[in-house]
Structures are given as C-alpha cells and as structure tokens.
Amino acid sequence: MPEWRYRGRTVAAEEIAFVRTLIAENPSASRRRLSEKLCEAWQWKQANGALRDMVCRGLLLMLDRAGEIELPAIRFRPPNPLARRERPQAMLIDTTPLNGALADIRPVSLEQVRKTADEPLFNSLMEQHHYLGYEQPVGEHLKYLVWAQGRPIACMAWSSAPRHLGGRDRYIGWSAEARRRNIRFIAYNTRFLILPWIKVPHLASHILGRVTSALPGDWERMYSHPVYFAETFIDPGRFRGTCYRAANWVLMGRTTGRGKASNSYTPNRSIKEILGLALTRRFRELLSE
C-alpha cells in the first residue's frame with residue numbers, strides 16, 4: 001500500500017489502518033469528532049496547544065476521496081463566512097499631505113492592531129490604498145498601524161511563512177524535517193503600505209526596523225511562541241526593495257514563478273526576489289534544531 005503525504009506529514013499504511021479502526025469504533029461520531037479524536041491520538045497540536053483540527057479534517061477528506069477510508073455522511077454544512085465576507089469599507093481619515101524630514105514628524109508610534117478596535121481601520125486602508133488590496137490572512141498573523149501626528153501613516157501585515165521556498169531554505173541550511181517542525185518560527189511580511197500622501201525620506205526603513213524589533217515579542221504574546229527570522233517577496237518589475245536593503249534585509253534568491261499549486265515547470269506568474277532578515281544571531285541554530 002502506498003504512503004500518503006499531506007501538509008508535510010507522511011501517512012503510512014499502519015496509520016491508515018488506525019484511522020479505519022477509529023472510525024469503526026466510533027460509529028456515531030461526526031467527522032469533526034473523529035478529527036478531534038485523531039488529533040488527540042496522534043498529538044497533532046499547534047504550538048499553543050490547540051488541536052490541528054482543520055488540517056486533520058483535510059487529511060481525512062483526502063483519504064476518503066482516495067478510497068482508503070470511508071467517512072460518515074456530512075451532518076451539517078455551516079455557512080462559509082469567507083464566501084460572504086464583505087470588502088472592508090472606506091473610512092474617513094486625514095489625507096492632508098505630510099512632507100518633510102523624519103525628525104519633523106516624530107514621535108512615530110507602532111500599534112499591533114490584530115484583535116483590537118483599530119483592526120477595521122487597518123483593513124480599510126489596505127483595501128483602499130495597497131495595489132493588491134486587502135486579503136484576509138489564514139493562520140497566524142499580525143497587523144501593524146503606524147501613527148504620527150495623531151493619524152495613521154503606514155500599515156504592515158505579517159503572516160505564517162510559505163512551507164517551501166528554495167532560496168530561503170538554502171540560505172538557512174535546514175533539513176526538510178527541521179523545516180517541517182520549525183516553519184512556524186518564520187514570519188512572512190505580506191503587505192507594506194505607506195499612505196500615498198505621506199512623503200518622508202527614510203520613513204520606510206525606519207518603520208521596518210521598528211516593526212522587526214517588536215515582532216518576536218508581539219508574536220509570542222499572540223501565539224505563545226517567538227519568531228526568529230523574517231522574509232518577504234519583492235516584485236522587481238514594480239519595486240527595487242530599497243527600504244528593505246537599507247534596513248539590512250538580504251537577498252536569498254528568487255522564486256520559480258510557478259506558485260505552490262503548479263503542476264508544471266513553466267512559470268505562470270512573475271518571478272520575485274526573496275529577502276530575509278535574521279531576528280536573532282542564532283537563527284540558523286534555532287531553526288535547524
């Protein structure tokens with residue numbers, strides 16, 4: 001019987017047999033309850049101790065569709081809030097042009113707004129002013145608003161890192177097993193927006209330095225574990241990444257341009273530069289454990 005792989009986990013024949021037994025011994029259990037029982041049996045948990053229930057349900061569904069197991073019928077199909085999610089609404093803020101030296105607008109303050117009253121403002125600004133718009137993150141993520149003179153001037157979003165990234169993986173030098181265990185210790189900068197009416201030299205690299213200094217502690221407070229490394233993508237067709245390089249980020253390589261769901265070796269999107277920043281000098285040691 002072939003082995004199956006799902007989200008970095010190899011599922012061998014004896015484990016599939018265990019799942020079959022679990023289903024047979026719990027004939028009245030729902031798909032959700034079976035997933036919870038399997039997570040408990042395999043100790044499949046997140047860093048904060050919560051069961052990896054949704055990942056486990058995906059594995060069970062894959063095995064069911066492949067004919068390896070037979071899940072009970074779906075009893076309840078809840079509405080999908082993401083399918084009906086409304087786009088963030090525009091909010092009225094001060095759009096008076098702000099020009100001058102960085103020293104002239106200080107103090108510059110940071111606010112981590114994930115799960116706070118200012119999160120809708122962050123979402124709105126990203127939706128209205130970032131060229132990619134707002135995208136609801138999945139998994140662990142943080143959102144920062146940057147303030148000066150009593151008004152927002154910039155936003156920065158962070159999320160869980162992509163699992164496979166050749167340039168980064170070679171730069172760190174970790175094994176596939178270490179990457180599977182420790183990918184949660186990397187934060188991925190998904191969005192960086194300085195509002196278009198803000199024209200302050202060196203502001204972007206200043207914000208990058210401030211946020212990456214606060215990031216490990218803020219991540220640990222939110223998710224009960226730190227991050228040791230930061231990464232981002234730069235589209236060289238649009239940007240030079242000057243502020244990242246000024247803030248000591250290094251070029252680790254380039255993407256293949258294929259995306260994680262590609263089934264071919266032909267690029268189907270723009271090739272991006274992969275930049276990284278160590279958040280501790282021991283990042284290679286900690287990520288390779």
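Calculation notes
- Residues numbered from 1 in each chain as written.
- Predicted model: local features only at pLDDT ≥ 70, side-chain atom pairs only at ≥ 80, totals over all residues.
- Heavy atoms only, no water.
- Helix = DSSP H or I, 4+ residues; strand = E, 2+ residues; numbered from the N terminus.
- Buried < 20%, exposed > 50% of the residue type's maximum accessible area, 1.4 Å probe, protein only.
- Contact = heavy atoms within 4.5 Å.
- Areas by Shrake-Rupley, 256 points an atom, 1.4 Å probe, with all protein chains shown as cover.
- Lys, Arg positive; Asp, Glu negative; His and termini not counted.
- Charge placed at Lys NZ, Arg CZ, Asp CG, Glu CD.
- Expected span 1.5 Å × (residues − 1).
- Axes fitted to C-alpha atoms, helices over the stretch in contact; angles between N-to-C directions.
- Parallel < 35°, antiparallel > 145°, perpendicular 65-115°, else oblique.
- Left-handed = near helix turned anticlockwise from the far one by under 90°.
- Nonpolar A, V, L, I, M, F, W, Y, C, P; charged D, E, K, R; others polar.
- Salt bridge = Lys/Arg side-chain N within 4 Å of Asp/Glu carboxyl O.
- Polar contact = N/O pair within 3.5 Å; in protein donor to acceptor, adjacent residues only side chain to side chain.
- Pairing = 2+ DSSP bridges.
- Phe/Tyr/Trp six-rings, centres within 6.5 Å; stacked < 30°, edge-to-face > 60°.
- Lys NZ or Arg CZ within 6 Å of the ring centre and 35° of its normal.

K.L.:
Explain the overall build of the chain to me, please; I cannot follow it from the model alone.
P.N.:
On a plain count of helices and strands, the chain comes out with 10 helices and 11 strands. In terms of overall dimensions, the chain has a C-alpha envelope of 70 × 40 × 40 Å along the principal axes. Per-residue burial for the chain yields a buried fraction of 44% across its 289 residues. The long-range share in the chain, meaning contacts at least 24 apart out of those at least 6 apart in sequence, stands at 68%. Of the roughly 16300 Å² of accessible surface on the chain, 50% is carried by carbon and sulfur atoms. Charge centroids of the chain, computed over 44 positive and 28 negative side chains, lie 3 Å from each other.

K.L.:
Please clarify how helix H2 (residues 31-42) should be interpreted in this entry.
P.N.:
In an α-helix, one turn spans 3.6 residues, which is why side chains three or four residues apart end up on the same side. Between its first and last C-alpha, H2 extends 16 Å over 12 residues, near the 16 Å set by a 1.5 Å rise per residue. Taken residue by residue, H2 has Leu34, Ser35, Glu36, Leu38, Cys39 and Trp42 as its buried positions. Buried positions along H2 lie against strand S2 (9-11), helix H1 (13-25) and helix H3 (53-65). Downstream of H2 by one or two residues, Gln43 has phi in the positive range, about 55°.

K.L.:
Any chance you could explain the packing of H1 against H2 here in plain terms?
P.N.:
What describes two packed helices is the angle between their axes and the distance between those same axes. Put simply, H1 and H2 touch, their axes get as near as 11 Å, and they point 135° apart. The angle between the axes of H1 and H2 places the two elements in the oblique class. Handedness of the crossing formed by H1 with H2: right-handed. Residues Glu15, Phe18, Val19, Leu22 and Ile23 of H1 pack against Leu34, Lys37, Leu38, Ala41 and Trp42 of H2. Tallied by class, residues from the contact of H1 with H2 come to 8 nonpolar, no polar and 2 charged.

K.L.:
How should the environment of Pro88 be read in this particular structure?
P.N.:
In this fold, Pro88 is placed in the loop between H3 and strand S3 (98-99). Overall, Pro88 belongs to the buried group, its relative accessible area being 16%. Sequence spacing of Pro88 and Phe122 is 34 residues, and the spatial spacing of their C-alpha atoms is 9.3 Å.

K.L.:
Any chance you could explain the side chain of Arg191 here in plain terms?
P.N.:
Along the chain, Arg191 falls in strand S7 (residues 186-194). Nearest to the buried, unbridged Arg191 among oppositely charged side chains is Glu135, at 4.4 Å. At a separation of 3.1 Å, a polar atom in the side chain of Arg191 contacts the main-chain carbonyl oxygen of Gly133. Among residues more than four places away in sequence, those in contact with Arg191 are Met126, His130, Leu132, Gly133, Glu135, Cys155, Met156 and Ala157.

K.L.:
How should the side chain of Ser35 be read in this particular structure?
P.N.:
Inspection of the secondary structure assignment puts Ser35 in helix H2. The exposure class assigned to Ser35 is buried, which follows from its relative accessible area of 0%. Separated by 2.6 Å, the side chains of Ser35 and Asp53 make a polar contact. The residues contacting Ser35, other than those within four sequence positions of it, are Asp53, Cys56, Arg57 and Leu60.

K.L.:
Could you clarify how one ought to interpret the sheet that holds strand S9 (residues 229-234) in this entry?
P.N.:
Within a sheet, adjacent strands bond to each other through the backbone by hydrogen bonds, running parallel or antiparallel. The strand order S4-S5-S6-S7-S9-S11-S10 describes an open sheet built from 7 strands, whose pairing is mixed. Edge positions in the sheet fall to strand S4 (108-112) and strand S10 (250-254), since each of these pairs with one other strand and no more. The average undirected angle you get between the axes of adjacent strands in this sheet is 30°. Sheet topology places strand S5 (residues 141-148) next to strand S6 (residues 151-160); 8 bridges connect them, and they run antiparallel. Bridge assignment links Val146 to a residue of S6, and that residue is Ala154. The strands touched by helix H5 (residues 119-129) are S5, S6 and S7; relative to S6, the strand with the most contacts, the crossing angle is about 90°.

K.L.:
It is not clear to me how the packing of aromatic side chains should be interpreted in this structure. Could you clarify?
P.N.:
Given two aromatic rings, one states the distance between the centres and the angle between the planes to describe the pair. On inspection of all chains with the given rule, the structure shows 12 aromatic pairs. Taken together, Trp158, Phe192, Tyr244 and Trp249 form an aromatic cluster joined through their ring pairs. Directly above the aromatic system of Tyr171 lies the positively charged group of Arg284, at a separation of 4.7 Å from the ring centroid.

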